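Residues per chain, in single letters:
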Amino acid sequence: MWSFLANPHRFMGFSRLAVPICFAIGALLIGWSLYNGLMVVPPDEAQGGDLMRAMFTHVPSAWLCMGLYAGLAAASFVWFVWRHELADVAARAIAPIGAGYTALCFVTGAIWGQKGWGQGWHNLILGDSRLMSVLVLFFLFLGYIALRAAMETRQKAAKAGAILAMVGLINVPIIKVSVDLWETTTIHQPSSVIRIGGAPEGAEAEEGQGMNPMYLQQLLWGFGGHGLLASALIFMLMRAEIYSQRSDRLLAARLEES
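Caption draft 1: Molecular detail of the pattern of salt bridges. Within the structure shown, the criterion is met by 6 salt bridges. Note that Arg 154 and Asp 88 form a salt bridge whose closest N and O atoms lie 3.2 Å from each other. One end of the pair, Arg 154, is in helix 6 (residues 154-168); the other, Asp 88, is in helix 4 (residues 85-116), and 66 residues separate them in sequence. The class of Arg 154 is partly exposed, set by a relative accessible area of 28%.

So this is what it looks like as structure tokens:
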């Protein structure tokens, strides 16, 4: 599949069909997740009452921003080792989408934290290991974009960006384990999503049981929807970049002829 899409012509044909499909299915999944999260599932007073419903956007966006950075690093590695131009196009397209989802993670987390923690994230970033590591991730996305824009040529920009992306990948596992490794420096709850249990009420079960399946289902629907939406946006940016490169080559050829 990947080798098939590695050809720019085949990718353009595939993405022309994939973009509207991903948009449509992604919108349906996000809408279903938000409808159930906002209107159907009961609030959990221990997690901030009705404000905890922000988690149905916050948690999927948190998962996705880490996944997008991993994708950025993987595409950068492919370009750095094999100089595959489509991989660089993908990396360049992933960066702004990843930055956007990281910002969405912060905003929805701040809404949730106003009651769940008693204050917003803007007052807690410097004192919380999870928030600080996610902030570093946000700066890595922005730094990648800024570094590429500062380079004189596209090859230099791709090389510098790839090195930054690959080095910054170490921050992704740090985000995941920060809550468990530095319990005294975080206000986040320990990991509970992967421990699916049978808690009867609330977003969080008793210790060791994991998350209530009622809440987990909506998080997974939302994650799938946002994943498809992000894929559609990335495909659109990649298509725009490919068209831009083609037009530049065409313009250069015409200038040479004249």
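Caption draft 2: Summary view of the environment of Lys 159. By secondary structure assignment, the location of Lys 159 is in helix 6. When its relative accessible area of 43% is taken as the criterion, Lys 159 is described as partly exposed. Through-space distance from the C-alpha of Lys 159 to that of Arg 148 is 8.9 Å; in sequence the pair is 11 residues apart. Each residue touching Lys 159, except ones within four places of it in the same chain, is listed here: Trp 79 and Phe 80.

Caption draft 3: Broad picture of the packing of helix 3 (residues 55-82) against helix 6. Closest axis-to-axis distance for the helix 3/helix 6 pair is 8 Å, and the angle between their directions is 130°. Relative to helix 6, helix 3 is oriented oblique. For the crossing formed where helix 3 meets helix 6, the hand is left-handed. Residue-level inspection shows Tyr 69, Leu 72, Ala 73, Ser 76, Phe 77, Trp 79 and Phe 80 of helix 3 in contact with helix 6, the latter providing Gln 155, Ala 158, Lys 159, Gly 161, Ala 162, Ile 163, Leu 164, Ala 165, Met 166 and Gly 168. Across the contact of helix 3 with helix 6, the residue classes break down as 12 nonpolar, 4 polar and 1 charged.

Caption draft 4: Layout of the confidence of the model for the protein chain. Confidence along the protein chain averages 86 in pLDDT terms, with 81% of residues attaining 70 or more. Within the protein chain, the lowest mean pLDDT, 71, falls on helix 1 (residues 2-5), and the highest, 97, falls on helix 6. Note that residues 194-208 has pLDDT below 50 and, in this model, 35 contacts with residues that lie over four places away or in other chains.

Calculation criteria
Residues numbered from 1 in each chain as written. Predicted model: local features only at pLDDT ≥ 70, side-chain atom pairs only at ≥ 80, totals over all residues. Heavy atoms only, no water. Salt bridge = Lys/Arg side-chain N within 4 Å of Asp/Glu carboxyl O. Helix = DSSP H or I, 4+ residues; strand = E, 2+ residues; numbered from the N terminus. Buried < 20%, exposed > 50% of the residue type's maximum accessible area, 1.4 Å probe, protein only. Contact = heavy atoms within 4.5 Å. Axes fitted to C-alpha atoms, helices over the stretch in contact; angles between N-to-C directions. Parallel < 35°, antiparallel > 145°, perpendicular 65-115°, else oblique. Left-handed = near helix turned anticlockwise from the far one by under 90°. Nonpolar A, V, L, I, M, F, W, Y, C, P; charged D, E, K, R; others polar. pLDDT = per-residue confidence, 0-100.

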